[in-house]
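Single-letter residue listing:
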Amino acid sequence: MAKLHSDKILEIGIQLAAEHDYDALLSKIIDCAMEVTYCDGGTLYLYEEDQLNFCIVKNQSLGINRDGKSGEQYPPVSMDEKNVCAYAAIHRKLLNIEDAYDCGEFDFSGPREYDKLTGYRTKSILVFPLVNHEDKLVGVVQLINALDEQGGVIPFGEECEKVVQSLGSQAAVAVSNMRFVQEIEQLMISITQVFTDAIDARIPYNYYHSRNVHFYTKMLVDHINRKHARGLTDRSFSFMERDELLMAALMHDIGKLVIPNEVIDKSSRLGHKLPLVLERFGHLTALYQIDYLEGRIDREKWEDFQNTLVKAGQRIEELNKKEHLSDEEIAYVQQLAERIYTNSSGQAIPFLTLEEKECLTIPTGNLTGAEREIIRSHVDYTIKYLHKMNFDKRYPHIIQWAGAHHEFLDGSGYPKGLKGDEIPFEARILMVVDVFEALTSSDRPYKKPMEQQKALTVLTEMADEGKVDREVLDLFMEALVENADQIQLMHH
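First, a word on what this report is: a plain description of the structure on this page. All figures in this text were calculated on a predicted structure; none of them were measured in a lab. (Residues numbered from 1 in each chain as written. Predicted model: local features only at pLDDT ≥ 70, side-chain atom pairs only at ≥ 80, totals over all residues. Heavy atoms only, no water.)

**Looking at the state of the cysteines**
Link 1 in the chain: For the structure shown, the criterion picks out zero disulfides.
Link 2 in the chain: Cysteine cysteine 85 shares no disulfide, and the gap to the nearest cysteine sulfur, in cysteine 103, comes to 12 Å.
Link 3 in the chain: Taking relative accessible area as the criterion, cysteine 85 reaches 2% and is therefore assigned buried. (Disulfide = S-S within 2.5 Å. Buried < 20%, exposed > 50% of the residue type's maximum accessible area, 1.4 Å probe, protein only.)

**Focus: the environment of aspartate 474**
Link 1 in the chain: Tracing the backbone through its elements, the reader meets aspartate 474 in helix H17 (residues 470-482).
Link 2 in the chain: Placed 14 residues apart in sequence, aspartate 474 and threonine 460 show a C-alpha to C-alpha distance of 9.1 Å. (Helix = DSSP H or I, 4+ residues; strand = E, 2+ residues; numbered from the N terminus.)

**Considering the packing of helix H10 (residues 299-321) against helix H11 (residues 327-338)**
Link 1 in the chain: Where H10 contacts H11, the two axes come as close as 12 Å, and the packing angle between them is 135°. One finds that H10 runs oblique with respect to H11. Between H10 and H11 lies a crossing of left-handed hand. Contact with H10, carried on its side by Lys311, Ala312, Arg315, Ile316 and Leu319, involves Glu328, Glu329, Tyr332, Val333 and Leu336 of H11 and no other residues of that element. (Axes fitted to C-alpha atoms, helices over the stretch in contact; angles between N-to-C directions. Parallel < 35°, antiparallel > 145°, perpendicular 65-115°, else oblique. Left-handed = near helix turned anticlockwise from the far one by under 90°. Contact = heavy atoms within 4.5 Å.)

**Remarks on the layout of surface pockets**
Link 1 in the chain: Of the voids in this model, the second largest pocket is the one considered here, and its volume is about 830 Å³.
Link 2 in the chain: Where the lining of the second largest pocket is concerned, the elements lending two or more residues are strand S1 (39-48), strand S2 (51-59), strand S3 (64-67), helix H3 (84-91), helix H4 (109-118) and strand S6 (137-147).
Link 3 in the chain: With five residues, the top contributor of residues to the lining of the second largest pocket is H4. (1 Å grid on protein atoms, 1.4 Å probe; cavity = no way out; pocket = protein on both sides within 12 Å on 5 of 7 lines; lining within 4 Å. Points joined across faces, edges and corners; volume = space filled by probe spheres on them.)

**A closer look at the pairing of S1**
Link 1 in the chain: The element S1 is largely enclosed, with a buried count of eight among its ten residues.
Link 2 in the chain: Bridge analysis of S1 against S6 gives seven bridges, and the strand direction is antiparallel. Residue pairing for S6: glycine 42 is matched across the bridge by leucine 143.
Link 3 in the chain: Of the pairings in the sheet, the one linking S1 to S2 comprises eight bridges and is antiparallel in character. When the sheet's bridge partners are listed, leucine 46 is paired in S2 with asparagine 53. (Pairing = 2+ DSSP bridges.)

**What to know about helix H9 (residues 274-293)**
For an α-helix, the turn length of 3.6 residues means that residues three or four places apart are oriented alike.
Link 1 in the chain: Taking 1.5 Å per residue as the helical rise, H9 with its 20 residues ought to reach 28 Å, and the 29 Å between its terminal C-alpha atoms agrees with that figure.
Link 2 in the chain: Taken together, the buried positions of H9 are Leu274, Val277, Arg280, Phe281, Leu284, Thr285, Leu287, Tyr288 and Asp291. Here the buried residues of H9 occupy an arc of 165° about the axis, which is enough to place them on one side. Seen from the open side of H9, the exposed residues pointing more than 90 degrees away from its buried face are Glu279 and Leu293.
Link 3 in the chain: Once H9 ends, the next one or two residues include glycine 295, with phi positive near 85°. (Expected span 1.5 Å × (residues − 1). Arc of directions from axis to C-beta.)

**Comments concerning the nonpolar core**
Link 1 in the chain: One finds Tyr216, Ile429, Leu459 and Phe476 to be the most contacted residues of the largest nonpolar core, which totals 54 residues.
Link 2 in the chain: Of all the secondary-structure elements, those providing two or more residues to this core are helix H6 (204-229), helix H7 (239-251), helix H13 (369-388), helix H14 (398-402), helix H15 (425-440), helix H16 (452-464) and H17.
Link 3 in the chain: A total of ten residues in this core trace back to one element, the largest contributor, which is H15.
Link 4 in the chain: If near-sequence neighbours (up to four positions away) are discounted, leucine 459 is found in contact with Val432, Val435, Phe436, Val468 and Leu473.
Link 5 in the chain: Leu16, Leu46, Cys55 and Cys160 belong to the second largest nonpolar core, which has 33 residues in total. (Core = buried A, V, L, I, M, F, W, Y, C linked by side-chain atoms within 4.5 Å.)

**Brief notes about the packing of H15 against H17**
Link 1 in the chain: For the pair H15 and H17, interaxial distance at closest approach is 10 Å and the crossing angle is 55°. Judged by the inter-axis angle, H15 sits oblique to H17. Like other packed secondary-structure pairs, H15 and H17 cross with a definite hand, here right-handed. Counted together, Phe425, Arg428, Ile429, Val432, Val433 and Phe436 of H15 and Glu471, Val472, Leu473, Leu475, Phe476 and Leu480 of H17 form the full contact between these two elements.

**Some thoughts on the packing of aromatic side chains**
Link 1 in the chain: Inspection of the entire model under this criterion finds eleven aromatic pairs.
Link 2 in the chain: Plain terms: the ring middles of tyrosine 216 and phenylalanine 436 are 5.3 Å apart, the flat faces sit at 90° to each other, and that makes the pair edge-to-face. Taken as a pair, tyrosine 216 in helix H6 and phenylalanine 436 in helix H15 lie far apart in primary sequence, 220 residues in all. There is no split in this pair, since tyrosine 216 and phenylalanine 436 are both buried.
Link 3 in the chain: Following the ring pairs from residue to residue traces out a cluster consisting of Phe215, Tyr216, Phe436 and Phe476.
Link 4 in the chain: Here the guanidinium or amino end of arginine 121 rests over the ring plane of tyrosine 101, the centre of that ring lying 3.8 Å away. (Phe/Tyr/Trp six-rings, centres within 6.5 Å; stacked < 30°, edge-to-face > 60°. Lys NZ or Arg CZ within 6 Å of the ring centre and 35° of its normal.)

**Re the pattern of salt bridges**
Link 1 in the chain: Applying the stated rule across the entire model yields 24 salt bridges.
Link 2 in the chain: The partner of lysine 273 in a salt bridge is glutamate 355, with the nearest N and O atoms 3.5 Å apart. Residue lysine 273 is located in the loop between helix H8 (261-264) and H9, and its partner glutamate 355 is located in helix H12 (residues 354-360); the two are separated by 82 residues in the primary sequence.
Link 3 in the chain: Note on lysine 273: relative accessible area 10%, which makes it buried.
Link 4 in the chain: Each of the salt bridges in this network shares a partner with another, and the network as a whole consists of Lys218, Asp222 and Arg242. (Salt bridge = Lys/Arg side-chain N within 4 Å of Asp/Glu carboxyl O.)

Given below as structure tokens:
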């Protein structure tokens, strides 16, 4: 029997150490304690803020399986020695009570009242503290009604005391380690938030973009896991995979920290160059007036130049804000750029510089080819910075996933031009979510937001063209419908 208990404790220790989900770990502690003592029920309290807070309660006979996050809420246990759990916590002592109704040392009025309501009979009780390797109290476990082989209630034996003492130590260490990991993870998230806030200080819209991408990614991943639980898809994400993908969603645009504001926040074709163009037109008007006054040109030519420059200024201001240019509008800019003023000394002043001409002849959008390359370089910087953060052990795929969120399945994306199976499923999720958020965003300085359905139409067309993953898009559209109310709240 001792050998069996020893093997079981070793097995349980391995199980507790391998568990990465905090809530699952707490539930497993009660399951293991009930299993090794063969009892009917158990309750786990965690010691927080000088009181014992209810965490898990299970009872096989009554069919109870509750945690502190759902269902009936239980008040915390004050550190009063009349309460058996508080006494065990204060004195770090295991307590084995044969019959709660015959014990006058502790106040069992609560269990008695509960028994009256349910018809249950609380009898044998085993309470033991969870004390970690630093001799710090983590919590208390209370087990009730040990059972014999026929299911009758019996006292907890001495062998149970030894087993749960060992279990208590292992459980306390597991909980402490898990909390420590959570603190480290929270620190990582906090650092991530600092980076995101730094981006926000430079690019206000990107702050919301990163968080929205995180929100939509979480929504989609959880939808996939719910479908998997119902047997509707083979896709699923473990706790660690989900955590890593959400971190990738937060960090995917961190490289934008080094992109110049005049490029990343450019809201018109000329950007900050427009005042220079208008100032030059004013200067040219003055020069032509001087030429007229000094007799180098006649009045007709002076008036013609003056009218041309006034209309050019008005036209340039109009074209500067347009999202799309016609062939006629592009031809007008090119003709204007060919005009040059030459002064009496032979100095040539072009109406438009080559750079200004390039900006004003972009058929669609605001960015020149060079500026687009600068924007695209944010992915390279994201990869570079994530390498420096040494995420390899905790998040071994974060660089691969975050670094591929602008790749397309047909190879037309960047920075590497990956195709098909070269792009992981997780990166395909970020790809769809990133495009959707960018299209529907209401705070971009350079475009109006798209309606959700229109954005989905654009993504559907991209799927038809073989750019984005059809499966991911279908799942995403399902998730949008499922979470419509939550999305509406997010946008208000």
